[in-house]
Amino acid sequence: MHKPKRESWGSRLGIIMAVAGSAVGLGNFLRFPVQAAGNGGGAFMIPYFVALLLLGIPLVWIEWTLGRYGGGFEHGTAPGIFHSLLQKNRFIKYFGVIGIFGPFVIFIYYTFIASWTLGYSFYSIKGVLAPLGDQASIQSFLRGYQGLEQNGFFKSIAPAYMFFLITFSLNIFVIYYGIRGGIETLCKIALPVLFCFGIILAIRVLTLGAPDAAKPGWNVGNGLGFLWNPDFGALKSAKVWLAAAGQIFFTLSVGIGVILTYASYLSKGDDVVLSGMTAVSMNEFAEVVLGSSIIIPAAFVFFGPIDIQAIARQGAFDLGFVTMPLILGKLPLSSIFSFLWFALLFLAGVTSSVSLAQPAVAFLEDEFNISRKRAVGIFAAVGFLLCQPAIFFLGRGVVNELDFWGGTFCLVLFGTIETILFVWVFGMDKAWEEIHHGADIRIPRIFKFIIKYVTPVFLLVILGAWFFQEGLPTIFLKGVSEADKPFVLWTRLGLIALFSALAIMVKIAWRKRRKRA
Amino acid sequence: MNIYGWIFLILSWSGILTLGTFCFHRVFSKKEVK
């Protein structure tokens, strides 16, 4: 059977924007400031940048290179890419199942969460959010919207479901139009708009001064100080170093499998070193410059130095969906600023969710030799069905369970596996040569040592520490109520079934390939 | 914000902006052949 030519990116800026769009997500604006404020303030930036240099950037180069290498063998997902590294080994491709399973599982709940931001953008511009003047009302609004309770704001989950349908359809529409016509076009429009919204919001917050004349200490300078004043004692804590490494891991979209797929649409002679670094710099601008300038300083000037500590502890989502509307509601033109905030989160969310959908679609296209239209159709049908438990059993621990396996465990495990395969199985000398194929800049030689020894050890330490700190309690359902346990266990069974189904599909695809050969 | 806070903020932001400027300058200075 004739195999259609694989797609390619329309321009170099296109893939840079797409990878940056995948990396810039809700975490840049919600998770980073909370992590920094809670882990030593300015001192957090020391382990953060150390982790960026020793873990983040090496992993970015590894994934870009692996993706481009696999794409040369017409493989766009981890099973095929790993197989092309060591073709004699029949088992290696099964490690790659994690690289399809992980993004698919994240897509299942992330799309619903991204749709909240679309809903909140709508309610902001409609002027519904601004009059909610206290924390309890906004909390109640959120719970009603999520379908967790019926209240004066919402009688059912129908509005949230409608915004989910719009967000889901937008994702499908974008991936239907392919790499160049869909994802690249979306990211080239959405990312500049996102940065503009972020800069406008940052300027608005940084020019707030001290809004309450009776409390001159509640000013922006001190708000920035809450996030940036260093607590050097925190550097002695392993927890802080682990938190910084975790933040780097999650913010750069490494260990998911998305960069592998995106880079597989490059040509052999395309640069990956400079392009990877450029995408990293865009993500870091969104995270460290914009992420630190909006939510924490704004919360400080309106709630003061005592309450901000409780606010920072309440977690990223409450900060974004409860505290931020409350703060923006106190500003002139509150509806517009509230809209900008949620539209920014929506653009960040949707450019990430399309990237999460792409590995599964590429797997169907490349390994089963089916058309993009059919692959997207299959993905849409299966994805839509699997999203339903995350929507209707949100309060039952289903999303936490999906996030644990898809969004945390698989990321760290997959990052470790791909690094070991690339550096130790493929071989460091070959790997170094492959990274520099068509490279516009040379990587300093010290990184050869870092990539070979430091990055794998760093990853193994994170994997081990994280497994004992968070993994074991979650696996043994610690803190899960008796009423929620059946839902969590059913979710776990569903995930095992999904993983097994993907592994079987890999087996079938390779059997077909052998027959064709 | 104390002096150390400003130092960390300025160093972090300027580092990131310098990296971004360098990368984009190199990306745009090379003519793309497709």
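Residues numbered from 1 in each chain as written. Chains lettered and ligands numbered in written order. Predicted model: local features only at pLDDT ≥ 70, side-chain atom pairs only at ≥ 80, totals over all residues.

Some details on the overall build of chain A
- Scanning chain A from N- to C-terminus turns up 21 helices and 0 strands.
- Over its C-alpha atoms chain A spans a radius of gyration of 22 Å, differing by no more than 12% from the 24 Å that the globule rule assigns to 517 residues.
- Summarising its shape, the C-alpha atoms of chain A cover approximately 75 × 50 × 45 Å along the three principal directions.
- Taking all 517 residues of chain A together, 55% fall into the buried category.
- Residue pairs at least 24 apart in sequence account for 83% of intrachain contacts in chain A once pairs closer than 6 positions are excluded. (Helix = DSSP H or I, 4+ residues; strand = E, 2+ residues; numbered from the N terminus. Rg over C-alpha atoms; globule rule 2.2 N^0.38 Å. Buried ≥ 20, exposed ≤ 12 C-beta atoms within 10 Å, placed from the backbone. Contact = placed C-beta atoms within 7 Å.)

Topic: the overall build of chain B
- A count of helical and extended segments in chain B gives 1 helix and 0 strands.
- For chain B, the residues scored as buried account for 21% of the 34 residues in total.

Description of the packing of helix α1 (residues 12-23) of chain A against helix α9 (residues 178-206) of chain A
All names here are of chain A.
- Close contact between α1 and α9 brings their axes to 8 Å; oriented N to C, the two are set at 70°. Between α1 and α9, the crossing angle belongs to the class labelled roughly perpendicular. Here Gly14, Met17, Ala18, Ala20 and Gly21 of α1 lie close against α9, whose contacting residues are Ile183, Glu184, Cys187, Lys188, Ala190 and Leu191.
- Classifying every residue of the contact of α1 with α9 by side-chain character gives 7 nonpolar, 2 polar and 2 charged. (Axes fitted to C-alpha atoms, helices over the stretch in contact; angles between N-to-C directions. Parallel < 35°, antiparallel > 145°, perpendicular 65-115°, else oblique. Nonpolar A, V, L, I, M, F, W, Y, C, P; charged D, E, K, R; others polar.)

Examining the interface of chain B and chain A
- Contacts between the two partners involve 17 residues from chain B, matched on the other side by 23 residues from chain A.
- A breakdown of the residues in the side of chain B that touches chain A according to their chemical character gives 10 nonpolar, 4 polar and 3 charged.

Brief notes about the environment of leucine 9 of chain B
- Relative to the helices and strands, leucine 9 of chain B is located in helix α1 (residues 3-29).
- Linking leucine 9 of chain B and phenylalanine 22 of chain B, residues 13 residues apart in sequence, is a C-alpha distance of 20 Å.

Brief notes about the confidence of the model for chain B
- Looking at chain B as a whole, its pLDDT mean stands at 89, while 88% of the residues score no less than 70.
- We note a pTM of 0.93 for the whole complex and an ipTM of 0.94 for its interfaces. (pLDDT = per-residue confidence, 0-100.)

Considering helix α17 (residues 372-392) of chain A
- Taking 1.5 Å per residue as the helical rise, α17 of chain A with its 21 residues ought to reach 30 Å, and the 30 Å between its terminal C-alpha atoms agrees with that figure.
- For α17 of chain A, every residue scored as buried is listed here: Ala375, Val376, Phe379, Gly383, Pro389, Ala390 and Ile391 of chain A. (Expected span 1.5 Å × (residues − 1).)

What to know about the packing of helix α2 (residues 26-38) of chain A against helix α16 (residues 334-368) of chain A
Residue and element names in this part refer to chain A.
- For the pair α2 and α16, the least separation of the axes is 7 Å and the interaxial angle reads 115°. Here α2 lies roughly perpendicular to α16, going by the angle between them. Facing α2, whose interface residues are Leu26, Asn28 and Phe29, α16 presents Leu345, Ala348 and Gly349.
- Considered class by class, the residues forming the contact of α2 with α16 number 4 nonpolar, 2 polar and no charged.

Some words on the environment of glutamine 469 of chain A
Residues and elements named next belong to chain A.
- Position of glutamine 469 among the secondary structure elements: in helix α20 (residues 446-475).
- Exposure remark for glutamine 469: the 12 C-beta atoms within 10 Å place this residue in the exposed category.
- Glutamine 469 sits 230 residues away from lysine 239 along the chain, and the two C-alpha atoms are 9.9 Å apart.

Brief notes about helix α15 (residues 316-328) of chain A
Residues and elements named next belong to chain A.
- Of all the bends found along α15, the most pronounced is centred on valine 322 and spans about 30°, while proline 325, a proline, follows it within four residues.
- Counting buried positions along α15 gives 10 out of 13 residues, so the element sits mostly inside the fold.
- All buried positions along α15 are accounted for by Leu319, Gly320, Phe321, Val322, Thr323, Met324, Pro325, Leu326, Ile327 and Leu328.
- On its buried face, α15 sits against α2, α6 (98-125), α7 (135-145), α14 (295-313) and α16. (Bend = angle between axes of the 7 residues up to and from the residue.)

Looking at the environment of aspartate 366 of chain A
Residue and element names in this part refer to chain A.
- Within the fold, aspartate 366 resides in helix α16.
- Here aspartate 366 falls in the buried class, since 24 other C-beta atoms lie within 10 Å of it.
- Each C-alpha atom of the pair aspartate 366 and glycine 76 lies 6.7 Å from the other, and the pair is 290 residues apart in sequence.
- Excluding residues within four positions of it along the chain, aspartate 366 makes contact with Glu74, His75, Gly76, Thr77 and Gly80.

Comments concerning unusual backbone geometry
Residue and element names in this part refer to chain A.
- For leucine 333, which is not glycine, the phi torsion reads 55° and is therefore positive.
- Mapping leucine 333 onto the fold places it in the loop between α15 and α16.
- Classification of leucine 333 by C-beta neighbours within 10 Å gives exposed; the count is 12.
- With phi around 55°, asparagine 369 is a residue other than glycine that occupies positive phi space.
- The residue asparagine 369 is located in the loop between α16 and α17 in this model.

Quick notes on the confidence of the model for chain A
- On average, residues of chain A score 92 in pLDDT, and 99% of them are at 70 or above.
- Looking at the elements of chain A, mean pLDDT is at its lowest for α14 of chain A, recorded as 84, and at its highest for helix α8 (residues 158-176) of chain A, recorded as 97.

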